[in-house]
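Here are the chains, one letter per residue:
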Amino acid sequence: MSDHCRAETEAETADRLRHGSSFGAAAAAYAEHRPGYAEAAVRWALEPVLDRPPVRVADIGAGTGKLTATLAGLGAEVTAVEPDPQMLEELRQAMPAVRSVPGRAEDLPLPDASVDAVLAGQAMHWFDMDRAIPEIARVLRPGGVLAGLWNVDDDRVGWVAELAEISKRKSSITLMRWRDGEGRARRERLAEAGAGLFQGVEEGEFGHGYARTAGSLLATIGTHSHLLVMDDAERAGLLARVDGFLRARPETAHGEFTLPLVTMVLRMRRR
């Protein structure tokens, strides 16, 4: 690897770590304002192992427990794994009956072959995949499932596409950006990291929605990592533009509305 390529790789790693570690300061807002996941998407992620009741699942990068709650509601025996102490505390306050432990995807505090499934909601893109995938394979039973889930804004809807351009950087994922190449890139990266340990990557797409008002959607947007790492003036300016947009659009200006989402799932089975 050339010095130039090494510098780019180190810069990308530093950026990933900076963004991925930014959520703790907004843990309470994350717990209050981020959406959960389409139940059909979670069922599909677990489908290959649903004949093993009770299904034992590790929710890694569990955050404040958005995916954990759905898994527990489906009757899974869940262990939530989260590195950030503030996020973990929010999860424990909301779900004291669920087992939760500090830990990272790259170093899981779980025994070998101890779970039927490992799921990651809105988190897999923060992992060091070359270290995380072998570690995930270690804790999975043969035939077990690894699945990543992402909620993406459905920018086939006009006002959602406009909002995405105002509120997010070009690299942020919406449904059309996923379909235009980001989804393929994530599938290929997952397949590459899992080669020899997992079978091929499967993809599912599930309609979803989230009840919001102009004020609560603004709060949701404020929990995204690219805003959390901005300086105060830049963040305030961006949120003011978003607020103006939401209060001017007829779809969002008055009372409660549904933010259209799609839950994307990538899954593969342990060999």
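Residues numbered from 1 in each chain as written. Predicted model: local features only at pLDDT ≥ 70, side-chain atom pairs only at ≥ 80, totals over all residues. Heavy atoms only, no water.

**Comments concerning the pattern of salt bridges**
According to the stated counting rule, one finds 19 salt bridges in the structure shown. For the salt bridge of Glu 202 with Arg 267, the shortest nitrogen-to-oxygen distance reads 3.0 Å. Taken together, the positions of Glu 202 in strand β6 (residues 202–212) and Arg 267 in strand β7 (residues 257–269) put the pair 65 residues apart, joining distant regions of the chain. On the accessibility criterion, Glu 202 (34% relative accessible area) is partly exposed. The class of Arg 267 is buried, set by a relative accessible area of 6%. By sharing partners, the salt bridges in this structure join Glu 47, Glu 202 and Arg 267 into a single network. (Salt bridge = Lys/Arg side-chain N within 4 Å of Asp/Glu carboxyl O. Helix = DSSP H or I, 4+ residues; strand = E, 2+ residues; numbered from the N terminus. Buried < 20%, exposed > 50% of the residue type's maximum accessible area, 1.4 Å probe, protein only.)

**Quick notes on the sheet that holds strand β2 (residues 77–82)**
Within a sheet, neighbouring strands are paired by backbone hydrogen bonds and run either parallel or antiparallel to one another. Pairing is mixed across the open sheet formed by seven strands, whose spatial order is β3-β2-β1-β4-β5-β7-β6. Each of the sheet's edge strands pairs with one partner strand only, and the pair in question is β3 (99–102) and β6. With direction set aside, neighbouring strand axes in the sheet form an average angle of 25°. Relative to β3, β2 runs parallel, the two being bridged by four bridges. From the neighbouring strand, Glu 82 faces β3, where its bridge partner is Pro 102. Here helix α8 (residues 175–194) sits on the sheet and contacts β5 (140–153), β6 and β7; the angle it forms with β7, its principal contact strand, is near 25°. (Pairing = 2+ DSSP bridges. Axes fitted to C-alpha atoms, helices over the stretch in contact; angles between N-to-C directions. Contact = heavy atoms within 4.5 Å.)

**Focus: the environment of Glu 182**
You can see Glu 182 is positioned in helix α8. Taking the C-alpha atoms as reference, Glu 182 lies 9.6 Å from Ser 172; in sequence the two are 10 residues apart. Each residue touching Glu 182, except ones within four places of it in the same chain, is listed here: Ile 173 and Arg 177.

**Here's the deal with helix α11 (residues 232–248)**
For α11, built from 17 residues, the straight-helix expectation of 24 Å at 1.5 Å per residue is met to within 8% by its first-to-last C-alpha distance of 24 Å. Among the residues of α11, those classed as buried are Leu 238, Val 242, Phe 245 and Leu 246. Buried residues in α11, looked at end-on, bunch into an arc of 95°, giving them a common side. Away from its buried face, by an angle of more than 90 degrees, α11 presents the exposed residues Asp 232, Ala 233 and Ala 248. (Expected span 1.5 Å × (residues − 1). Arc of directions from axis to C-beta.)

**Things to note about the packing of aromatic side chains**
As enumerated under the stated definition, the model contains three aromatic pairs in all. Seen from their ring centres, Trp 44 and Phe 206 are 5.9 Å apart, and the 50° between their planes marks the pair as tilted. A residue pair is termed long-range when its members are at least 10 positions apart, and Trp 44 in helix α3 (residues 39–46) and Phe 206 in strand β6 qualify at 162 residues. On the accessibility criterion, Phe 206 (17% relative accessible area) is buried. Ring centres 5.7 Å apart and planes at 90° place the aromatic pair Trp 159 and Phe 257 in the edge-to-face group. Of the two residues, Trp 159 is situated in helix α7 (residues 158–167) and Phe 257 in strand β7; the sequence distance between them amounts to 98 residues. Across the ring face of Trp 44, the terminal group of Arg 267 is positioned such that the distance to the ring centre comes to 3.8 Å. (Phe/Tyr/Trp six-rings, centres within 6.5 Å; stacked < 30°, edge-to-face > 60°. Lys NZ or Arg CZ within 6 Å of the ring centre and 35° of its normal.)

**Looking at the packing of helix α9 (residues 214–221) against α11**
Axis separation between α9 and α11 bottoms out at 10 Å; the angle between their running directions is 150°. On the basis of the axis angle, α9 is roughly antiparallel to α11. In the crossing of α9 with α11, the sense of the turn from one axis to the other is right-handed. Of the residues in α11, those in contact with Ala 214, Gly 215, Leu 217, Leu 218 and Ile 221 of α9 are Leu 239, Val 242, Asp 243, Leu 246 and Arg 247. Here the contact of α9 with α11 is built from residues that sort into seven nonpolar, one polar and two charged. (Parallel < 35°, antiparallel > 145°, perpendicular 65-115°, else oblique. Left-handed = near helix turned anticlockwise from the far one by under 90°. Nonpolar A, V, L, I, M, F, W, Y, C, P; charged D, E, K, R; others polar.)

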